[in-house]
Amino acid sequence: QVQLVESGGGPVQAGGSLRLPCAASGPIFSIDAMGWYRQAPGKQLELVALMIPGGSTNYADSVTGRFTISRGNAKNTVYLQMDILKIEDTAVYYCYASIRIGALSTRTYWGQGTQVTVSS
């Protein structure tokens, strides 16, 4: 019943920008953390950016200063603003959320993934 829906991917030139929205819906009691992971061909899935309820954020060293995660106006919505994109940022980006669906249960959910392709 809980779903993460993300969008905003596509082709972009190096140095350009993209914004990825992600919205969680369903029977959500609370959200422990929400953010994005990415996976490039032949590489391990890596954390890109994460936000916790208190507003704290965590970024991969490779994107610090270029990417920004923020809370959206809609409930349970976050955005990943990606600026000064590099070829190395090319990957499938997955929205992630750790969601508490009850007082005794927390589960991990993933978005469907969106392709970001950065060209020179």
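Anything mentioned here points back to the structure above.
Since this is a predicted model, take the numbers as computed values, not measurements.

## With respect to the layout of surface pockets
Over the atoms a probe the size of a water molecule is rolled, and this reveals where empty space is left.
Thought 1: There is about 220 Å³ of room inside the largest pocket.
Thought 2: Taken together, 13 residues form the lining of the largest pocket, with I31, P53, R71, N76 and V78 sitting closest to its centre.
Thought 3: Secondary structure elements with two or more residues in the lining of the largest pocket: β4 (30-39) and β8 (77-82).
Thought 4: Ranked by the residues each element gives to the lining of the largest pocket, the list is headed by β4, at three residues.
Thought 5: In terms of residue class, the lining of the largest pocket is built from eight nonpolar, three polar and two charged.

## Re the pattern of salt bridges
Thought 1: For the coordinates displayed, the defined rule picks out four salt bridges.
Thought 2: In this structure, R38 engages E46 in a salt bridge whose closest nitrogen and oxygen atoms are separated by 2.7 Å.
Thought 3: A cluster of three or more residues bridged by salt bridges with shared partners is formed by R38, E46, R66 and D89.

## Quick look at the packing of aromatic side chains
Thought 1: On inspection of all chains with the given rule, the structure shows three aromatic pairs.
Thought 2: Look at Y37 and Y96: their rings are 5.3 Å apart centre to centre, the planes differ by 70°, and that puts the pair in the edge-to-face class. On the criterion of sequence distance, the pair formed by Y37 in strand β4 and Y96 in strand β9 (residues 91-102) is long-range, its members being 59 residues apart. Taken individually, Y37 and Y96 each receive the classification buried, so the pair is uniform in this respect.
Thought 3: Taken together, the ring pairs in this structure connect Y37, Y96 and W110 into an aromatic cluster.

## Quick word on the sheet that holds strand β3 (residues 18-25)
Thought 1: Spatially, the four strands line up as an open sheet ordered β1-β3-β8-β7, and their pairing is antiparallel. On the outer flanks of this sheet lie β1 (3-6) and β7 (67-71), each paired with one strand and no other. Strand after strand, the sheet turns through a mean of 15° between neighbouring axes, direction not considered.
Thought 2: As paired elements, β1 and β3 share four bridges and run antiparallel to each other. Bridging across to β3, E6 finds its partner in C22.

Parameters and conventions
- Residues numbered from 1 in each chain as written.
- Predicted model: local features only at pLDDT ≥ 70, side-chain atom pairs only at ≥ 80, totals over all residues.
- Heavy atoms only, no water.
- 1 Å grid on protein atoms, 1.4 Å probe; cavity = no way out; pocket = protein on both sides within 12 Å on 5 of 7 lines; lining within 4 Å.
- Points joined across faces, edges and corners; volume = space filled by probe spheres on them.
- Helix = DSSP H or I, 4+ residues; strand = E, 2+ residues; numbered from the N terminus.
- Nonpolar A, V, L, I, M, F, W, Y, C, P; charged D, E, K, R; others polar.
- Salt bridge = Lys/Arg side-chain N within 4 Å of Asp/Glu carboxyl O.
- Phe/Tyr/Trp six-rings, centres within 6.5 Å; stacked < 30°, edge-to-face > 60°.
- Buried < 20%, exposed > 50% of the residue type's maximum accessible area, 1.4 Å probe, protein only.
- Pairing = 2+ DSSP bridges.
- Axes fitted to C-alpha atoms, helices over the stretch in contact; angles between N-to-C directions.

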